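Coordinate inspection notes
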Amino acid sequence: MPDENFLSQVPAASALFLREDEVRRGIEYLFFGHGALWRTVDTRIAENELGRAHYRALYFIARAPGITISDLLALLGITKQSLGRVVKELEARDFLTTRPGNRDRRQKELRLTAGGRAVEAAIFQQLRDAMSRAYTHAGQQAVTGFWQVSEALMTPRERARVAKLGGEA
């Protein structure tokens, strides 16, 4: 099967990797890779009557339990109105709870319910499996390079947000 060894079809970056053709190739890999990754979970998301925005919210709340609405807004980069709709839908479906903040009672903290954790974990498992397969095919050096390029695309503020994910909120 020709796709089994697909990396042999990926050209090595030339020493002239900043030329337009090489930059375009990288952008195209980002577009198509991102699309392919999400298509792996679209069916599972739809089975739960959710959209990608719902899953992204579940994902980040799972990574940072107690995250505030304003911090989630910053992570997702969506409008307050869009996030409000997503949060209300997830709360109505008993996937998350909101409560006033410990430090600032005007803030809303978000936490997943058991049902929300189960849905997020099931969808994440498919994403994890897809990423693990890709990482295995690419190898450790390529994964490190992918992380470095991705990090270099982020603003310092975004890098700081990513660094905090997974810690206790």
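A brief structural summary. (Residues numbered from 1 in each chain as written. Predicted model: local features only at pLDDT ≥ 70, side-chain atom pairs only at ≥ 80, totals over all residues. Heavy atoms only, no water.)

**Notes on the packing of aromatic side chains**
The way to describe two aromatic rings as a pair is by their centre distance and the angle between their planes. Taken as a whole and assessed by the stated rule, the structure comprises five aromatic pairs. Look at Y59 and F124: their rings are 6.3 Å apart centre to centre, the planes differ by 35°, and that puts the pair in the tilted class. Taken together, the positions of Y59 in helix α2 (residues 52-63) and F124 in helix α5 (residues 114-138) put the pair 65 residues apart, joining distant regions of the chain. Of the residues examined, F124 reaches a relative accessible area of 31% and is grouped as partly exposed. (Phe/Tyr/Trp six-rings, centres within 6.5 Å; stacked < 30°, edge-to-face > 60°. Helix = DSSP H or I, 4+ residues; strand = E, 2+ residues; numbered from the N terminus. Buried < 20%, exposed > 50% of the residue type's maximum accessible area, 1.4 Å probe, protein only.)

**Concerning the packing of helix α1 (residues 20-47) against α5**
Packing of α1 against α5 brings their axes to within 9 Å, and their N-to-C directions diverge by 155°. By the angle class used here, α1 and α5 are roughly antiparallel. Where α1 crosses over α5, the handedness of that crossing is right-handed. Residue-level inspection shows L37, T40, V41, R44 and I45 of α1 in contact with α5, the latter providing A122, I123, Q126, L127, A130 and M131. When its residues are assigned to classes, the contact of α1 with α5 shows eight nonpolar, two polar and one charged. (Axes fitted to C-alpha atoms, helices over the stretch in contact; angles between N-to-C directions. Parallel < 35°, antiparallel > 145°, perpendicular 65-115°, else oblique. Left-handed = near helix turned anticlockwise from the far one by under 90°. Contact = heavy atoms within 4.5 Å. Nonpolar A, V, L, I, M, F, W, Y, C, P; charged D, E, K, R; others polar.)

**Notes on the sheet that holds strand β1 (residues 67-68)**
Strand order in the open sheet formed by three strands is β1-β3-β2, and the pairing between neighbours is antiparallel. The open sheet terminates on both sides in strands that have one partner only, identified here as β1 and β2 (96-100). With five bridges joining them, β2 and strand β3 (residues 108-112) adopt antiparallel strand pairing. Its bridge partner lying in β3, T98 is registered against L110. (Pairing = 2+ DSSP bridges.)

Everything listed here is a matter of coordinates, which is why it stays silent on function.
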